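Geometric and topological summary
Chain by chain, the residues:
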Amino acid sequence: GGYGGPPSSHRGGGSLSGRGTKHRAILQNLPSSFSWKELKDEMRRIGDVIYADVDNHGDGVVEFATLDDLEYAVRKLDGSKLDGNVVTVFKENPGGGGGGRSETATRT
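All residue numbers refer to position in the chain's written sequence, counted from 1. Residues qualify for local features only when their pLDDT is at least 70, as the model is predicted, and side-chain atom pairs are given and counted only at 80 or more; totals for whole chains, interfaces and linings, by contrast, use all residues. Calculated side-chain values reflect all of the structure's heavy atoms, with hydrogen atoms and water omitted.

1. Comments concerning the overall build of the protein chain
A run of DSSP states H or I qualifies as a helix once it reaches four residues; a run of E qualifies as a strand once it reaches two. Both are numbered from the N-terminal end. Helices and strands together make up the secondary structure of the protein chain, namely two helices and six strands. The cut-offs for exposure are 20% and 50% of the maximum accessible area for each residue type, with area from a 1.4 Å probe on protein chains only; residues under the lower value are buried, those over the upper are exposed, and the others partly exposed. Going through the 108 residues of the protein chain one by one, you find that 27% of them count as buried. Residue-level accessible areas treat just the shown protein chains as cover; the underlying method is Shrake-Rupley with a 1.4 Å probe. Of the accessible surface of the protein chain, which amounts to about 8000 Å², a share of 46% is contributed by carbon and sulfur atoms.

Here's what the structure looks like:
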């Protein structure tokens, strides 16, 4: 039986996935006045921020130290207002497939 490894309810710190998973949130519709520094300061109130960046189209990316921080940030910030802009926040999906559910049903 090809069984896809242990369930992901492993709570023990340490990077279990040797793939170097990055806990990144994508932000959209940021105020044009927002710099990456401001974004980082804002996110620091939520969790442990490793990296923050914004482009001049109102898109930003924030990398958190832990998945918990990331998920909390998405819950807290999605649909919230920054400088009067309602921002959209979601988890970056390295796997590419949408839907947010990791049900990899690959049928051969």
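2. What about the environment of Asp53?
Mapped onto the fold, Asp53 is located in strand β2 (residues 49–54). Asp53 sits 14 residues away from Leu39 along the chain, and the two C-alpha atoms are 7.7 Å apart. The criterion used for residue contact is that any of the two residues' heavy atoms lie within 4.5 Å. Residue contacts for Asp53: discarding those within four places in its chain leaves Trp36, Leu39, Asp59, Gly60 and Val61.

3. Examining the sheet that holds strand β1 (residues 23–28)
One bridge is not enough; two strands pair if DSSP finds at least two bridges between them. A sheet is described by the order of its strands in space; here four strands give the open sequence β2-β3-β1-β6, paired in antiparallel fashion. The outermost strands of the open sheet, each flanked by one partner alone, are β2 and β6 (88–91). Sheet twist, expressed as the mean angle between neighbouring strand axes with direction ignored, is 15 degrees. Axis definition: a line fitted to C-alpha atoms, limited for helices to the stretch in contact. Angles are taken between N-to-C directions and run from 0 to 180 degrees. Set on the sheet, helix α1 (residues 36–44) makes contact with β1, β2 and β3 (60–64); between it and β2 the angle comes to about 140 degrees.

4. Focus: unusual backbone geometry
In terms of backbone geometry, most residues other than glycine have negative phi values and most peptide bonds are trans. Here Asn29, not a glycine, exhibits a phi torsion of approximately 65 degrees, which is positive. Locating Asn29 in the fold gives a position in the loop between β1 and α1. Positive phi, close to 50 degrees, is recorded for Asp83, a residue that is not glycine. With respect to the secondary-structure elements, Asp83 resides in the loop between β4 (81–82) and β5 (85–86).

5. Observations regarding the pattern of salt bridges
Should a side-chain nitrogen of Lys or Arg be within 4 Å of a carboxyl oxygen of Asp or Glu, the pair is scored as a salt bridge. Applying the stated criterion across every chain yields a total of four salt bridges. One salt bridge connects Arg45 with Glu42, and the closest N-O pair in it is separated by 3.3 Å. Here the residues in one salt-bridge network are Arg24, Glu63 and Glu92, joined through shared partners.

6. Things to note about the nonpolar core
The set of buried Ala, Val, Leu, Ile, Met, Phe, Trp, Tyr and Cys residues whose side-chain atoms join them within 4.5 Å is what this entry labels a nonpolar core. Among the nonpolar cores identified, the biggest contains 19 residues, and Leu27, Leu30, Leu39, Met43, Val62, Phe64 and Val89 are the most heavily contacted of them. The set of elements that each furnish at least two residues to this core consists of β1, α1, β2, β3 and α2 (67–77). With four residues, the top contributor of residues to this core is α2. With residues near it in sequence (within four places) discarded, Met43 still touches Leu27, Val49, Val62, Phe64 and Leu77.

7. Notes on the pairing of β3
Counting buried residues in β3 gives five out of five residues, a clear majority hidden from the surface. By the alternation rule, side chains of β3 split into Gly60, Val62 and Phe64 and Val61 and Glu63, which are all buried. Where β2 folds back on β3, the antiparallel hairpin that results is connected by five residues, among which Gly58 adopts a positive phi of roughly 85 degrees.

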